[in-house]
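# Structural overview
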Amino acid sequence: MSNQTSALPVAPVVSYKPDRKLVLGAFCGMIAAASWGSSFGLARAGTLAGMGPLDFIVLRVLPGAVLALPLVLRRSFLTSGEFVASRAVLLSLCIGPPFVALASGGYLFAPLAHGAVLQPGTMTLSSLVIATLFFADRLTLQRLTGALAVICGLVLVAGSGISHAGPQSLIGDAMFASAGLLWAIYTALIRRWNISALGGTAMALVVAGIITLPLALASGTFAHLTQFPLSLVLAQLAVQGVISGFLGILFYGWSIRLIGASRATLFAAIVPVVAILLGIPIAGEWPDPAQWFGVGIVTSGLLLGLGVLDPLFRRASAPA
């Protein structure tokens, strides 16, 4: 008899190393989403306390402009080819006073859940459409499935907030959706003009500050803000102006550069989740089981849309 033994085939070991740019871009997107989500609860609280759109424009835009000004002066954007006045104005309109007025003014007509869901939801879907139509991004089945999952999850996250809304909430809904569309346009312009995250953020915020300052002086907004408790004003300055209005935009720009606009905008889907965890409990609206289920669906849709689960799909479809 032969002493030879038949060797059993050994399945190859498939090692998957996540792309470094994907990981870093996802990290930046998470920070941006967390910073934006933290602002919704405070925006709703400020509106209930009597703050209006002009107050929020000043509280959000001016701190970011002050922080961005040294970056502009240090990097000499004004004298370099990277700075184009018309582009800076357009970017500032997308993330400056008009955006803030729509995003905060919607709370005069609609509850917190509406803004936390409709604004990032519109941003995500609009950016996906823009990237597909104008930048020839390939809309894979996984990404489309992820986007649909995000939509379903956002509807669940809204929960009872939307079902109990009155007819006047449609005005607020339209304002929130318009704010999301403006942000999607900002994303597309950053990509179209190939502007750096730091440069685009700095240019847009400084120009927005230049627009906002005379508007605030003429309208008496600074005097109006003195009527509110100092703690509330300082909290709004820190969250709306520094964390959301400056750092959030900066990290979002980095995310676009690292993983692309269509992927970066998917992180807007996390905003409602963060708003629930950080903002909605402040208003006494704790998540119900349907909302928690929506959180899970949104997270799954995000991972699918980002392509994190693509290796699993490839492995499952690979021939045996």
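The structure this text deals with has already been given above.
Residues numbered from 1 in each chain as written. Predicted model: local features only at pLDDT ≥ 70, side-chain atom pairs only at ≥ 80, totals over all residues. Heavy atoms only, no water.

## A few points about the overall build of the protein
Tallying secondary structure elements over the protein gives 15 helices and zero strands in all. Per-residue burial over the protein gives 51% buried out of 320 residues. Taking contacts inside the protein between residues at least 6 apart in sequence as the whole, the part at least 24 apart equals 90%. Accessible area of the protein: about 15200 Å², with a carbon and sulfur share of 71%. (Helix = DSSP H or I, 4+ residues; strand = E, 2+ residues; numbered from the N terminus. Buried < 20%, exposed > 50% of the residue type's maximum accessible area, 1.4 Å probe, protein only. Contact = heavy atoms within 4.5 Å. Areas by Shrake-Rupley, 256 points an atom, 1.4 Å probe, with all protein chains shown as cover.)

## Points about the side chain of serine 38
Along the chain, serine 38 turns up in helix α1 (residues 20–48). Owing to a relative accessible area of 19%, serine 38 belongs among the buried residues under this scheme.

## Side note on the packing of helix α5 (residues 112–134) against helix α8 (residues 169–193)
Helices that pack against each other are described as a pair by the angle of their axes relative to one another and the distance between those axes. Axis separation between α5 and α8 bottoms out at 7 Å; the angle between their running directions is 40°. As judged from the angle between their axes, α5 and α8 are oblique. Where α5 crosses over α8, the handedness of that crossing is right-handed. In this structure, α5 uses His114, Gly115, Leu118, Gln119, Thr122, Met123, Ser126, Ser127, Ile130 and Ala131 to contact α8, whose residues at the interface are Ser169, Asp173, Phe176, Ala177, Ala179, Gly180, Leu181, Trp183, Ala184, Thr187, Ala188 and Arg191. Residue classes in the contact of α5 with α8 are distributed as eleven nonpolar, nine polar and two charged. (Axes fitted to C-alpha atoms, helices over the stretch in contact; angles between N-to-C directions. Parallel < 35°, antiparallel > 145°, perpendicular 65-115°, else oblique. Left-handed = near helix turned anticlockwise from the far one by under 90°. Nonpolar A, V, L, I, M, F, W, Y, C, P; charged D, E, K, R; others polar.)

## What to know about empty space enclosed by the protein
Using the criterion set out here, one finds two cavities of 30 Å³ or more in the structure. Estimates place the volume of the largest cavity at around 290 Å³. Lining the largest cavity are 20 residues, and of these Ser39, Arg60, Phe99, Ala103 and Gln119 lie nearest its centre. Within the residue set of the lining of the largest cavity, elements represented by two or more residues are α1, α2 (53–75), α4 (97–105), α5, α8 and α11 (230–259). Of the residues that constitute the lining of the largest cavity, the class distribution is 13 nonpolar, six polar and one charged. (1 Å grid on protein atoms, 1.4 Å probe; cavity = no way out; pocket = protein on both sides within 12 Å on 5 of 7 lines; lining within 4 Å. Points joined across faces, edges and corners; volume = space filled by probe spheres on them.)

## Some details on the nonpolar core
Counting 69 residues, the largest nonpolar core has Met51, Leu91, Ile95, Trp183, Tyr186 and Tyr252 as the members making the most contacts within it. Other than its neighbours up to four places away in sequence, leucine 91 contacts Tyr186, Leu189, Ile190, Trp193, Ile195, Gly200 and Ala204. (Core = buried A, V, L, I, M, F, W, Y, C linked by side-chain atoms within 4.5 Å.)

## Observations concerning a nonpolar patch on the surface
A cluster of nonpolar side chains, namely Leu125, Leu139, Leu144, Leu148, Ile151 and Val155, defines an oily patch on the protein surface of about 470 Å² accessible area. Residue contributions to the nonpolar patch peak at four residues, all from helix α6 (residues 141–158). (Patch = residues over 30% accessible without salt bridge, like charges linked within 9 Å, V, L, I, M, F, W, Y side chains within 5 Å. Salt bridge = Lys/Arg side-chain N within 4 Å of Asp/Glu carboxyl O.)

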